[in-house]
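# Remarks on the overall topology
This is what each chain is made of:
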Amino acid sequence: MQILEASDGVGGRVRTDRVEGFLLDRGFQVYLSAYPEAGKLLDLEALQLQVFEPGALVYDGRKRHRVMDIFRRPSQLIESAFSPVGSLVDKLRVALLRFRSLGSSTEEIANRPDRKTETFLKQFGFSDKMVNGFFRAFYGGIFLERELRTSSRMFEFTFKMFSQGSATLPARGMGEIPLQLARHLPPETIRINSAVAAVTKTSALLPGGEEIHGKLVVVATQAAQTSFLVPDFKAQAPSWRSVTNVYFSAEQSPLNEAIIALNNSENGLVNNVCVPSDVAPSYAPPGRSLISASVLGLHKDDTLPALIKEELTTWFGDQVEDWNHLRTDLIKHGLPEQAPDSSVSKPPGYLKMNDIWICGDHTTSASIEGAIISGTQTAIAIQKSLN
Ligand SMILES: Cc1cc2nc3c(=O)[nH]c(=O)nc-3n(C[C@H](O)[C@H](O)[C@H](O)COP(=O)(O)OP(=O)(O)OC[C@H]3O[C@@H](n4cnc5c(N)ncnc54)[C@H](O)[C@@H]3O)c2cc1C
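Remember, predicted model here, so these are calculated numbers, not experimental data.

It is worth spelling out the site of the ligand at this point. Taken together, 29 residues surround the ligand, and among them Glu5, Arg13, Tyr35, Asp361 and Ile368 come closest. One of the side-chain nitrogen or oxygen atoms of Gln29 is found 3.4 Å away from an oxygen atom of the ligand. Interatomic distance of 2.9 Å between a backbone N/O atom of Val196 and a nitrogen atom of the ligand. Taking 1000 Å² as the accessible area of the ligand by itself, protein coverage stands at 88%. Contributing elements (two or more residues each) for the shell around the ligand: strand 18 (324–336) and helix 13 (368–386). No other element matches the three residues that strand 18 contributes to the shell around the ligand. Class assignment of the residues belonging to the shell around the ligand gives a composition of 15 nonpolar, 11 polar and three charged.

What follows is the structure, given as structure tokens:
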């Protein structure tokens, strides 16, 4: 087997760089400890998963409110239940949704009627206040869109994962997840800096003219590249959601707890903020904090870090003035669009076109779990076809 990787390392969208002693993931992302298939393949203990608090801090431009999973943080029942983020009935509906998702298998969720997440939440009885004041910002950060137009199956699946486990960061960064998988392979299997220019059902062509032959070819690129390598795929290629992630370093953490902070106002650029070094101290050198701010969409303006600092001063006060900008990641191909009734969580988890195998998160669900399911299902199908 030969794996040809275009970039200078393995991991694709899940990579971590060490910069000035900080661990910078390429975009803010988390590993959900309850992912069932990923959990079978990965050595989770070796990843030393560091856990986020189950909940969020919500900033409305003037005040901060706490919304916690009261089943795991019962001591915060009163504060969460009476926070003005949604009504008491909304909080009870969250509990109902939690019971429903914990009582449903992932297969049941994948077979439920699919609609936009926003429609699902409203039909479930959540008030506009709760949808606008919590779900839009929390799931906006996960889906990379605040309209909540993403498939409700994807919503229900991630809600189940959050109820069943925790959002985590591996101690050595998110990039450690694919690195761990790659270590199972003999080193010569993976050739980096090898962008494939064209494929047939049994060969891959590299730009220098080198041709690599095999029994079969699997295209496991992100969907935008798949259209280029397998032109017939273009008709069903999804559009993309983008995100801009900005990192700052500071002497002190503005949060001092392992929690995600959300912008639930209709104004402002920032969708969510977290301090990865509050979750996993290894993300920053001793005595420093790493702050991550996510802005949905692509923002190429050089003034973005200054605009974010100005905005976050209303959240955290004057300490923001001393933050140093570390890096901005512009992620054009963040997540494939996952409209209701798309391939989300539906078998088989791969495609075959012109006898070329195609896999990746766009064939299952846009997540680490989805990418792993797709890879596994493709491998099983290939094994069957070879036998
Ligand atoms: C900012 C951000 C936040 C996210 N947050 C989360 C999260 O919190 N939790 C979660 O579970 N998931 C999250 N995801 C989604 C998750 O990262 C992806 O769903 C998953 O990594 C997709 O894996 P993949 O293997 O399908 O594709 P990719 O990771 O995109 O891998 C495709 C690979 O193909 C290579 N390639 C492309 N073209 C060629 C070519 N011509 N020749 C050779 N190689 C090529 C690329 O370099 C890349 O390595 C997030 C993604 C982003 C970007």
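Each assigned domain of the protein is listed with its residue range as follows: domain 1 (53–165) and domain 2 (196–226 + 349–386). For domain 1 and domain 2, the distance between their C-alpha centres works out to 35 Å.

Here we take up the pattern of salt bridges. Applying the stated criterion across every chain, the model contains 22 salt bridges. Between Arg15 and Asp8 there is a salt bridge whose closest N-O contact spans 3.0 Å. According to the relative accessible area criterion, Asp8 is partly exposed, its value standing at 48%. The salt bridge involving Glu156 is made with Arg112; its shortest N-O contact spans 2.8 Å. Residue Glu156 is located in helix 8 (residues 152–164), and its partner Arg112 is located in the loop between helix 5 (106–110) and helix 6 (117–123); the two are separated by 44 residues in the primary sequence. Here Glu156 and Arg112 have matching classes, each one buried. Through salt bridges with shared partners, a single ionic network connects Glu145, Glu147, Arg149, Arg241 and Glu337.

Conventions we followed
Residues numbered from 1 in each chain as written. Predicted model: local features only at pLDDT ≥ 70, side-chain atom pairs only at ≥ 80, totals over all residues. Heavy atoms only, no water. Near = heavy atom within 4 Å. Polar contact = N/O pair within 3.5 Å; in protein donor to acceptor, adjacent residues only side chain to side chain. Areas by Shrake-Rupley, 256 points an atom, 1.4 Å probe, with all protein chains shown as cover. Helix = DSSP H or I, 4+ residues; strand = E, 2+ residues; numbered from the N terminus. Nonpolar A, V, L, I, M, F, W, Y, C, P; charged D, E, K, R; others polar. Domains from an automatic or database assignment. Salt bridge = Lys/Arg side-chain N within 4 Å of Asp/Glu carboxyl O. Buried < 20%, exposed > 50% of the residue type's maximum accessible area, 1.4 Å probe, protein only.

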